[in-house]
Amino acid sequence: MKKCLICDGELIKFAEFGPMPIANGFLKEEDFENEYFFDLEVAYCEKSKMVQLINQPKPSQMFHENYAFFSGTSKNMGKHFELFADYVIDTHLKNIASPFVCEIGSNDGILLKNFKKKGIKHLGVEPSSNVANVAKQAGINTIVEFFDPECAKKIVKEHGEADAFLAANVMCHIGSIKSVVEAIKILIKDDGVVIFEDPYLGEVLKNTTYDQIYDEHVFLFSISSIQFLFNQFDMEIIDVFPQKTHGGSMRYVIANKGMKKISKKVGEFTNIEIEEGLTDIDKLHNFNDNCIRHKEDLMSLLKKLKSDGKTIAGYAATSKSTTVMNYCGINSNHLDCIYDTTPLKQNKYSPGTHVLIKPHSEFKNNYPDYALLFGYNHLNEILEKEKDFIAKGGKWIVYVPKLHII
Ligand code: DWN
Ligand code: SAH
């Protein structure tokens, strides 16, 4: 049995989702035969409190020159990252003469563009060259690399130490996270800050959003597990901010021990985690039972609709949909196609389940009776954009936080 990625402790397996392909591995018909699968199994370490995958594909299998997720596909996320930048600038950079911020997993520059706009020195570290190129073309300083201690040394040599290290939906992707924290120690000034956000374990358990579990998401963080990780490197959480994004996330603000005042929210939210059983294996076994029930409910609805002769299409070929479709067994017997706005995914097939992805522009000419909303985290944005679908009698199937129809 593999050991905990944080502390080498024993892992307790609490959920299995079966064979899974690469979540963003949208593919052509000729590639079906050689499609890669791994066992998606999730475990907990009682010592580090970290929820983690037992197996993760290699980083180069997931992040490369054809990475299919472009951050700029959501308008609301653009607004979120504008506010994120304002928070960093107003709270952490305001007394610094010429600050330098470094972001990893900067993707197409959705966050850094707000620093560039204000003339703030910035650097993105992004290993997927296609998305990095979008940022570069917009004049956002970006290097195409995986962030690690060697990369951090190079940045310090060329640009100096950073005042703020930023990451959104990236830290939970990196199995070698201890080397990332080592690299952060090299990169930031002694009084620098580390600010990152990721999907939050508490929300995943509360809403049974097991679709946040896929190859890229090797960890599901809590305040307790992040505190354990950073304490190992003489760092501590100084503030936390719950976020609504991605179905419920947490922003962590971290500094070297003793350098900054600690908000009382850190202790308060940690106590809530303990009271709610987030650090308790029973809660995780219970989550697994909820996942099984979720799958049964969703599948019986889809089968009933099909037997009533209804047409159903998927909406938004998210990474998360790969877990839902492969775990539940949703395929072209249930969905005619999936509509999505990303050109790189269109006219390819969904990983593992091989449902055709069609351009979003074709949705309005072919409204199905029901649309299965894989992008529920963008619910408001999508309902607003697709008012006409409901007006013409279409219905949304939404499975978070509970299965319901709009
Ligand atoms: O953590 C991650 C988050 C930040 O983004 C990554 N590992 C991968 C990715 O996850 P995701 O694919 O589940 O992200 P989203 O933002 O829930 O979904 C993006 C997909 O949804 C894109 O293919 C575009 C599509 N979409 C659409 O077709 N119509 C999105 C919106 C907002 C829309 O209106
Ligand atoms: N921050 C963006 C993108 C999140 S997707 C947002 O929130 O929308 C995760 C991104 O992290 C991908 O663009 C991926 O290429 C990048 N990534 C994965 N491993 C990384 C690593 N070791 N160092 C830096 N970036 C990494």
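Quick note: structure is the one above.
As the structure is a computational prediction, the values presented were derived from the model and not from experiment. (Residues numbered from 1 in each chain as written. Chains lettered and ligands numbered in written order. Predicted model: local features only at pLDDT ≥ 70, side-chain atom pairs only at ≥ 80, totals over all residues. Heavy atoms only, no water.)

Visitor: Now, about the overall build of the chain: what can you tell me, with residues and values included?
Guide: Scanning the chain from N- to C-terminus turns up 13 helices and 17 strands. Scaling as 2.2 N^0.38, a compact globule of 406 residues should have a C-alpha radius of gyration of about 22 Å, and the chain matches this with 21 Å. C-alpha extents for the chain along the principal axes are approximately 65 × 50 × 40 Å. Expressed as a percentage of its 406 residues, the buried residues of the chain come to 56%. Here the contacts in the chain between residues at least 6 apart in sequence split such that 69% fall between residues at least 24 apart. Summing over all exposed atoms, the chain offers an accessible surface of approximately 17,100 Å²; the carbon and sulfur share of this is 50%. Averaging the coordinates of the 47 positive side-chain charges in the chain and doing the same for the 54 negative ones gives two points 4 Å apart. (Helix = DSSP H or I, 4+ residues; strand = E, 2+ residues; numbered from the N terminus. Rg over C-alpha atoms; globule rule 2.2 N^0.38 Å. Buried < 20%, exposed > 50% of the residue type's maximum accessible area, 1.4 Å probe, protein only. Contact = heavy atoms within 4.5 Å. Areas by Shrake-Rupley, 256 points an atom, 1.4 Å probe, with all protein chains shown as cover. Lys, Arg positive; Asp, Glu negative; His and termini not counted. Charge placed at Lys NZ, Arg CZ, Asp CG, Glu CD.)

Visitor: With reference to specific residues and values, describe the site of ligand 1.
Guide: In the vicinity of ligand 1, 24 residues are found, and the nearest of them are Glu216, Ser319, Lys320, Lys345 and Lys385. Here threonine 341 contributes a backbone N or O atom positioned 3.1 Å from an oxygen atom of ligand 1. Here an oxygen atom of ligand 1 sits 2.4 Å away from a polar atom, N or O, in the side chain of lysine 385. When the free accessible area of ligand 1 is taken as 710 Å², the share hidden by the protein chains comes to 97%. Within the residue set of the shell around ligand 1, elements represented by two or more residues are helix H11 (319-328) and helix H12 (379-385). (Near = heavy atom within 4 Å. Polar contact = N/O pair within 3.5 Å; in protein donor to acceptor, adjacent residues only side chain to side chain.)

Visitor: Please provide a residue-by-residue account of the nonpolar core, values included.
Guide: In terms of nonpolar packing, the biggest core is built from 107 residues, with Phe147, Met171 and Tyr252 touching the most fellow members. Here the element with the most residues in this core is helix H10 (residues 281-307); it accounts for nine residues. With 24 residues, the next largest nonpolar core counts Phe81, Ile89, Leu93 and Ile140 among its residues. (Core = buried A, V, L, I, M, F, W, Y, C linked by side-chain atoms within 4.5 Å.)

Visitor: Quick one: what's the story with the site of ligand 2, residue by residue and with numbers?
Guide: Taken together, 19 residues sit near ligand 2, with Ser71, Glu126, Ser128, Ala168 and Asn169 positioned nearest. The separation between a nitrogen atom of ligand 2 and a polar main-chain atom of glycine 105 is 2.8 Å. Here an oxygen atom of ligand 2 and a side-chain polar atom of asparagine 169 are 2.8 Å apart. Considered on its own, ligand 2 offers 570 Å² of accessible surface; in the complex 96% of this is hidden by protein.

Visitor: Got a sec to walk through the layout of surface pockets? Specific residues and values, please.
Guide: Estimated volume of the second largest pocket: approximately 640 Å³. Taken together, the elements giving at least two residues each to the lining of the second largest pocket come down to helix H2 (75-93), helix H7 (201-207) and H12. A per-element tally of the lining of the second largest pocket places H2 first, with five residues. (1 Å grid on protein atoms, 1.4 Å probe; cavity = no way out; pocket = protein on both sides within 12 Å on 5 of 7 lines; lining within 4 Å. Points joined across faces, edges and corners; volume = space filled by probe spheres on them.)

Visitor: Break down the packing of H10 against H11 for me, with residues and values.
Guide: Packing of H10 against H11 brings their axes to within 10 Å, and their N-to-C directions diverge by 80°. Judged on the interaxial angle alone, H11 and H10 are roughly perpendicular. Here Cys291, Ile292, Lys295, Leu298 and Met299 of H10 lie close against H11, whose contacting residues are Val324, Tyr327 and Cys328. Classifying every residue of the contact of H10 with H11 gives seven nonpolar, no polar and one charged. (Axes fitted to C-alpha atoms, helices over the stretch in contact; angles between N-to-C directions. Parallel < 35°, antiparallel > 145°, perpendicular 65-115°, else oblique. Nonpolar A, V, L, I, M, F, W, Y, C, P; charged D, E, K, R; others polar.)

Visitor: Go over the pattern of salt bridges with me, naming the residues and quoting the values.
Guide: Applying the stated criterion across every chain yields a total of 14 salt bridges. When the shortest N-O distance is used, the salt bridge between glutamate 10 and lysine 3 registers 2.8 Å. A relative accessible area of 56% places glutamate 10 in the exposed class. For lysine 3, a relative accessible area of 39% translates into the label partly exposed. Linking lysine 392 and aspartate 388 is a salt bridge whose minimum nitrogen-to-oxygen distance equals 3.0 Å. On the basis of relative accessibility, which here comes to 60%, the residue lysine 392 falls in the exposed class. Judged by relative accessible area, aspartate 388 falls into the partly exposed class, the value being 34%. The structure contains a network of salt bridges with shared partners spanning Lys13, Glu16 and Glu41. (Salt bridge = Lys/Arg side-chain N within 4 Å of Asp/Glu carboxyl O.)

Visitor: Which residues make up helix H8 (residues 223-231), and what are the values?
Guide: For H8, the set of buried residues is Ile223, Ser224, Ser225, Ile226, Leu229 and Phe230. For H8, the secondary structure elements touched by its buried residues are helix H6 (177-187), strand S8 (188-199), strand S10 (235-243), strand S11 (249-256) and helix H9 (264-275).

Visitor: Talk me through the sheet that holds strand S7 (residues 162-168); I want residue IDs and the actual numbers.
Guide: The sheet built from seven strands is open, its strands ordered S6-S5-S4-S7-S8-S11-S10 with mixed pairing. Each end of this open sheet is capped by a strand with a single partner; those strands are strand S6 (142-143) and S10. Pairing of S8 with S11, which is carried by six bridges, proceeds in the antiparallel orientation. Residue pairing across strands places isoleucine 195 opposite valine 253, the latter belonging to S11. (Pairing = 2+ DSSP bridges.)

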